[in-house]
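# A structural walkthrough
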Amino acid sequence: MVGDANRTSERDYVIAAQKGSDAAFAALVRLHQRRAYAVARAIVLSHEDAEDAVQDGFLHAFRALDRFRSDQPFGAWLNRIVANAALDLVRRRKVRDADELPDTVAMPFRDPGESDELRRRLSQALTHLSDRQRSVIVLHDVEGFTHGEIGKMLGIPEGTARSDLHHARAALRRLLKDMRSET
Amino acid sequence: MNDIIRLHDEGDEEVTRTLRKVYAAPGDDAYWRGLEARILSRLTESAAVTVSWWEELDRWMRPALVAAAIVLLAVSVAMFRSHQNAQHMAYEAMLTPTPYPVETAVRPVLQGHREATFRYLMTSR
């Protein structure tokens, strides 16, 4: 019931925003920014890039709002846009890093609270996964998205998301085991 | 979420917990209010850029319309003069006597060579 109520108010906000209400769009931002951040954070390498991707995503969504059908779930549509903005950011970063800063790829996580051993090892192991494998494992295991939702967000078939998840987990297990045996 | 538990053994559960810590979103409400403000400010800036683009276009609209009207007028005058000249030349051409007999001069040339020769012989008598 609560979900239905939220959905109804969300639909009202969408319709009002489509008619040009800035306040309604602000309400949509308030409702969805946390989830949008989680989607972006799963794809990009840093908190700052996730923020940029969220802002880009909301800007694209705002510009494309008149093309959105208000009977569809706004969140899923927005998440796809944010994921695309994040993927685009990753691509641009790769080009820039390849040209200028080759060392920045090696240390993607700049979390000051990264103190415990497993967290350190896990962060290191994550850098060995492909961008897509890392995104899939985070979106699934951390954010709880289904394989189908992840496939839509990343523009890959559901089966590919499933197999990416399987390979990402296997790779993480192997990497963490190797690190344990090294220490 | 159930398949996460099914596919993970105990070690993997620990990995998942740590992953959640690594990827945890900021929990502070002030942070989200700040992000919301930044998002909305970007939308406003973008709208302002769009508006100024239209304003710039609007500023050039009047001179562009005047220039287009002048060009259109000049083209119309040129076309009218050219048409008048063509008419005058056609009129002059009609009044100028041809060096050949009228019948030969105005007869279409799409006739057989033999017929043309016969007609020439007939008119030259």
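Residues numbered from 1 in each chain as written. Chains lettered and ligands numbered in written order. Predicted model: local features only at pLDDT ≥ 70, side-chain atom pairs only at ≥ 80, totals over all residues.

Summing up its helical and strand segments, chain A has eight helices and zero strands in all. Secondary structure of chain A in N-to-C order comes out as α-α-α-α-α-α-α-α. Counting all 183 residues of chain A, 36% fall into the buried class. Counted over contacts in chain A with a minimum sequence separation of 6, partners at least 24 positions apart contribute 64%. (Helix = DSSP H or I, 4+ residues; strand = E, 2+ residues; numbered from the N terminus. Buried ≥ 20, exposed ≤ 12 C-beta atoms within 10 Å, placed from the backbone. Contact = placed C-beta atoms within 7 Å.)

This brings us to the overall build of chain B. The helix and strand tally for chain B stands at five helices and zero strands. Taking all 125 residues of chain B together, the buried fraction comes to 6%.

With 22 residues of chain B at the interface, the matching set in chain A holds 28 residues. Elements supplying a minimum of two residues to the side of chain B that touches chain A: α2 (10-22) and α3 (29-95) of chain B. Its residues placed into classes, the side of chain B that touches chain A shows twelve nonpolar, three polar and seven charged. (Nonpolar A, V, L, I, M, F, W, Y, C, P; charged D, E, K, R; others polar.)

A separate point is the packing of helix α2 (residues 22-43) of chain A against helix α6 (residues 131-142) of chain A. Residue and element names in this part refer to chain A. Their axes nearest at 7 Å, the elements α2 and α6 cross at an angle of 145°. In the packing of α2 onto α6, the handedness of the crossing is right-handed. Residues Val 39, Ala 42 and Ile 43 of α2 pack against Ser 135, Val 138, Leu 139 and Val 142 of α6. Class assignment for the residues of the contact of α2 with α6 results in six nonpolar, one polar and no charged. (Axes fitted to C-alpha atoms, helices over the stretch in contact; angles between N-to-C directions. Left-handed = near helix turned anticlockwise from the far one by under 90°.)

Residues and elements named next belong to chain A. Checked against the element boundaries, Asp 178 lands in helix α8 (residues 158-182). Residue class for Asp 178 comes out exposed when judged on the 12 C-beta atoms lying within 10 Å of it. As a C-alpha pair, Asp 178 and Ala 125 span 53 residues in sequence and 9.8 Å in three-dimensional space.

Okay, the nonpolar core next. Residues and elements named next belong to chain A. Ranked by internal contacts, the top residues of the largest apolar core, which has 55 residues, are Val 39, Ala 40, Ala 53, Val 54, Val 82 and Ala 86. Looking at this core, the element that brings in the most residues is α2, giving ten residues. Mapped onto the domain boundaries, this core takes at least three residues apiece from domain 1 (1-105) and domain 2 (109-183). With near-sequence residues (within four places) excluded, Ala 86 lies in contact with Ala 40, Ile 43, Val 44 and Ala 53. (Core = buried A, V, L, I, M, F, W, Y, C linked by C-beta atoms within 7 Å. Domains from an automatic or database assignment.)

Turning next to helix α7 (residues 147-154) of chain A. Residue and element names in this part refer to chain A. Listed in full, the buried residues belonging to α7 are His 147, Ile 150, Met 153 and Leu 154. The buried residues of α7 occupy an angular sector of 125° when the element is viewed end-on, so they sit on one face. Immediately downstream of α7, the backbone of Gly 155 shows phi near 70°, a positive value. (Arc of directions from axis to C-beta.)

All names here are of chain A. The predicted model of chain A has a mean per-residue pLDDT of 83, with 82% of residues at 70 or higher. Predicted confidence in chain A is weakest over helix α1 (residues 2-18), with a mean pLDDT of 76, and strongest over helix α3 (residues 47-63), with 94. Considering only residues more than four positions removed or in separate chains, one finds that residues 101-115, a stretch of pLDDT under 50, has 15 contacts. (pLDDT = per-residue confidence, 0-100.)

A few words now on the environment of Ile150(A). Residue and element names in this part refer to chain A. The topology assignment puts Ile 150 in helix α7. Distance in space between the C-alpha atoms of Ile 150 and Val 136 is 6.8 Å, their sequence separation being 14 residues. Look past the residues within four positions of Ile 150 in its chain and what remains in contact with it is Val 136, Leu 139, His 140, Phe 145 and Ala 161.

Before going further, it helps to examine the environment of Asn84(A). Mapped onto the secondary structure, Asn84(A) falls in helix α4 (residues 74-99). Remark: the alpha-carbon pair of Asn84(A) and Ala40(A), spanning 44 residues in sequence, is separated by 8.9 Å.

Next up on the list: the confidence of the model for chain B. Residue and element names in this part refer to chain B. The pLDDT averaged across chain B works out to 77; a share of 73% of its residues lies at or above 70. Per-element confidence in chain B is highest for α3, whose mean pLDDT is 85, and lowest for helix α1 (residues 2-7), whose mean pLDDT is 42. This stretch, residues 1-8, has a pLDDT under 50; its non-local contacts, to residues over four places away or in other chains, come to five contacts. Under the prediction, the complex receives an ipTM of 0.74, its pTM being 0.64.

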